[in-house]
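Listed below, chain by chain, are the residues.
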Amino acid sequence: MRASSKFAMGAVLITVSVGYLMASGIKDTGVYFVTPAELAEKVQADASFRDVGVRMGARVVTGSIERDVASQTITFEVTDGMKTYPVVYRGLAPDTFTDDADVVVEGRLMADGTFRATTLLAKCGSRYEAEPTA
Amino acid sequence: MPNADHATKQSLRLEPVTILGQLALWLALLVAVWGSVVGIVGGVQGRAELIQSARRTAYALLGIISVASACLVVALLRHDFNVQYVWSYTSRNLPTPYVISAFYGGQSGSLLFWALILAIFAAAAQWLTPRRYDYLMPYVAAVTSMVTLFFVAVVLFASNPFERLPFTPPDGNGLNPQLQNPGMVIHPPMLYLGYVSITVPFAFAVAALITRRLDTGWLHAIRRWTIVSWVFLSIGITLGMWWAYVELGWGGYWAWDPVENASFLPWLTMTAFLHSVMIQEKRGMLKRWNMILIVMSFMLAIFGTFITRSGIISSVHSFAQSSVGYFFLVFLVVSAVALIWLLWTRFPYLKAESQLESMVSREASFLFNNLLLVGMSFSVLWGTMFPILSELVRGTQVTVGPPFFNQVNIPIGLALLALTGIGPLIAWRKASPSNLKRQFASPVVSALIVGAALYVLGLRDFYAGVAFTLGAFVVVTVGQEFVRGVGARHRLHGENYALAFARLVGRNRRRYGGYIVHLGVVVYFVGFAGAAFKKEMEASLKPGESVTMRSAFGYEYTFTHIGVSQYEQLNRFVSAASVDVSRGDERLGIMTSEKRQYWDSFQQPTFQPATEAAIRSDIREDIYIVFAGSVDGTEEAVYRFTLNPLVWWIWYGGVVLVIGAVVTMWPGGGPTRASLRRAMVGYQVKLVDETVTADAG
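Things to note about the overall build of chain B
A tally of helices and strands in chain B yields 20 helices and 10 strands. For chain B, whose C-alpha radius of gyration is 27 Å, the value lies close to the compact-globule estimate of 26 Å for 697 residues. Its C-alpha atoms put chain B at 80 × 75 × 60 Å along the principal axes. Taking contacts inside chain B between residues at least 6 apart in sequence as the whole, the part at least 24 apart equals 73%.

Looking at helix H15 (residues 433–456) of chain B
Residue and element names in this part refer to chain B. Taking 1.5 Å as the rise per residue, H15 with 24 residues should run 34 Å; its terminal C-alpha atoms sit 32 Å apart, in good agreement. At Phe-440, H15 shows its largest bend, some 45°, and a proline, Pro-443, comes one to four positions later. Taken together, the buried positions of H15 are occupied by Asn-435, Gln-439, Phe-440, Pro-443 and Ala-447. Two residues or fewer past H15, Gly-458 is found with a positive phi of approximately 105°.

Overview of the interface of chain A and chain B
If you look at the interface, chain A gives 39 residues, while chain B gives 50 residues. Looking at the side of chain A that touches chain B, the elements with two or more residues in it are helix H1 (3–29), strand S1 (31–34), strand S2 (54–60) and strand S7 (115–123) of chain A. Strand direction decides the pairing type here: S1(A) and strand S1 (residues 397–399) of chain B, joined by 3 bridges, are antiparallel. In the sheet register, A:Val31 faces S1(B), and the bridge partner there is B:Thr399.

Regarding the sheet that holds strand S5 (residues 572–583) of chain B
Residues and elements named next belong to chain B. Ordered in space as S3-S4-S5-S6-S7, the 5 strands form an open sheet in which the pairing is antiparallel. Because the sheet does not close on itself, it has two edges, and the strands there are strand S3 (546–550) and strand S7 (610–612). Geometrically, the sheet is characterised by an average inter-axis angle of 25° between neighbouring strands, direction not taken into account. Pairing of strand S6 (residues 586–598) with S7 involves 3 bridges; the strand directions are antiparallel.

Some details on the environment of B:Gln569
Considering the arrangement of structural elements, one finds B:Gln569 in strand S4 (residues 556–569). Residues B:Gln569 and B:Phe482, 87 residues apart in the sequence, show an inter-C-alpha distance of 52 Å.

A word on the domain arrangement of chain B
Residues and elements named next belong to chain B. Along its sequence, chain B is carved into domain 1 (10–180), domain 2 (402–532 + 652–696) and domain 3 (533–649). Domain 1 and domain 3 are separated by 42 Å when their C-alpha centres are compared. Residue-level contacts link 10 residues of domain 1 with 9 residues of domain 3. Classifying every residue of the side of domain 1 that touches domain 3 gives 2 nonpolar, 6 polar and 2 charged.

How each quantity is defined
- Residues numbered from 1 in each chain as written.
- Chains lettered and ligands numbered in written order.
- Predicted model: local features only at pLDDT ≥ 70, side-chain atom pairs only at ≥ 80, totals over all residues.
- Helix = DSSP H or I, 4+ residues; strand = E, 2+ residues; numbered from the N terminus.
- Rg over C-alpha atoms; globule rule 2.2 N^0.38 Å.
- Contact = placed C-beta atoms within 7 Å.
- Expected span 1.5 Å × (residues − 1).
- Bend = angle between axes of the 7 residues up to and from the residue.
- Buried ≥ 20, exposed ≤ 12 C-beta atoms within 10 Å, placed from the backbone.
- Pairing = 2+ DSSP bridges.
- Axes fitted to C-alpha atoms, helices over the stretch in contact; angles between N-to-C directions.
- Domains from an automatic or database assignment.
- Nonpolar A, V, L, I, M, F, W, Y, C, P; charged D, E, K, R; others polar.

This is the structure in structure tokens:
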């Protein structure tokens, strides 16, 4: 067999393995990213959606953050303006987690309507850029 | 001390600075248009005066954009808070180095900074390129002018740092505490230098395409430029990891965040380009592929800047959303169309001069290296864009996180590590069995011994084990090369070993510098593999209470909480929690992690509190302590303790890599005819040498 066709086989092999790694990676780790309103809509349409872990992007309701440092539990509410969910998170919150911060919580919606988060990412609008006030 | 009463008057007095800056930007815009047009027209019509003029625009742009930049820096240093940008990112109590770094700390300033660096590189390319490449230079000037034009236009029309407020606030907003870090002062410039300098090799590639002079000439002209931009990208990425590690307080250095990925993508394609260029230089193969790689690298660098600025993908790093994103999108689409057309029409001129002769050859190993690198960048790009792609296809965003990137990239990375050892040692064209045996017997045996030893010592993590084993393989291959080279000089020229080593490296800089870079890569991999053994624990401790943790190396660490103290410092209020740390019976000392609340000159808090992790680093493992807060204002503190094995190696891998790259590029300045001839003769000798060895076997 000519070297170039052997190489082509090698190339196909690499492409297929990379493709396989990517496809399985997405299947195993892909998570829905929803807003509170979308989550509510999906759960209403299909109650089993609760059991699917999701990432939810929303804004922290000002004044809703309660920290219990001893048990390292944080409860707060997030909203997208249409739908508000109470969130329970156990662990250390990032510095950027404050009132009105944009957050991404990952976890699932419990039957009682609270969102139990396993990870909490916060992004502050003024991280690099000042809020366009003034 | 300037105060609020004088602020209005002061801003009137300073008005000329921003007017001058604004004028300079408009002038830059016109000059860049001129350079773009004249470069192409002059080149096509061969009119010397136009060509001359186009080349001079590169210097003119450098002068003009320097003036605009200086104006912004002056406004920053004078605390002219009537300028919105100055108000947004600085305050009166901000230490001066950070005031200056605010130049690129915010969006509009950073875009101006992009233009400034581009102007520097464009002028340097005109200045340093030897005369024999004059036929490319008008087009190079045109391309760099067009890219400059784009950035100046964005600064002028979408994100202007000279914009003024209708009133003058007495003090500014201050710089985000997380950016108040020495690493953050140098990390963005390094990354920009990397991103921006890709423009130079890209401009040469486009020039070669336009002129249809597609021999290896343009490749020789950009040799050093390619390494320069690759090194800056590497430094920028590594400093970014270091900053994230030291400043963000989550105990890691890489989170596969879209912005991190954006810097990684052009690095991957540039790495592929660095390697595949060698095949074109020696064997006349892969011409099309190289063109595509350099064009892709440039597009990915612009794309990276686009991602960080458009807010199209939610990222913890991103700048606020603005119309800047549309400018970038238009620029990306327009350049993509132009480049595809250019490539398409020039494809027939890019025929390979020779063919792959054997799978067991250096060409083949480089080809696989390229495929893997491009496969990796494709997967990273795919993962980064997946939220958008899935929303387009399925109507719901699906995000993939670090597990996806790790799952895909760890196996590819390890395959690349293996090729790092194989590639440089395998013969060109076709390796003979004896060549293979001579080159690979001891590395393979050593690697197997290392792998077995690690297993016996209790290492059970598969990927980490493979990484260490392959690392040993690469180190031995490189060591063998040095030992053989030094030995040969010692025998042939009777030089002592030190001199033989110096001459060996000095006379084959590209080759041995490349080996040193490869060693640096191994050191990085050792550091990355360490992440498999990370240990983490959270605890709430009263003064005097302690916790113990066992590290992957089997050390028993004891952390005893001492207390929380509070004090004022510079422009911040600090709560510091201290821990007494021992390893086994040995007391290591006190480590203090801080929560800092920054304030403005009126003692009003600004931004959220920032965490300052306490880090104790050594060659084995880092102790990383984060003070998360005290319980109800008492001295009981909540901590996160992290034991991070081998992180130290990542930073020193960076050092080795830079040393290697400097060796390859030495001496500075442009390549001389003599050094090129020497290098070419050197390669021919080596080629002959290897052919002889291959034939003999």
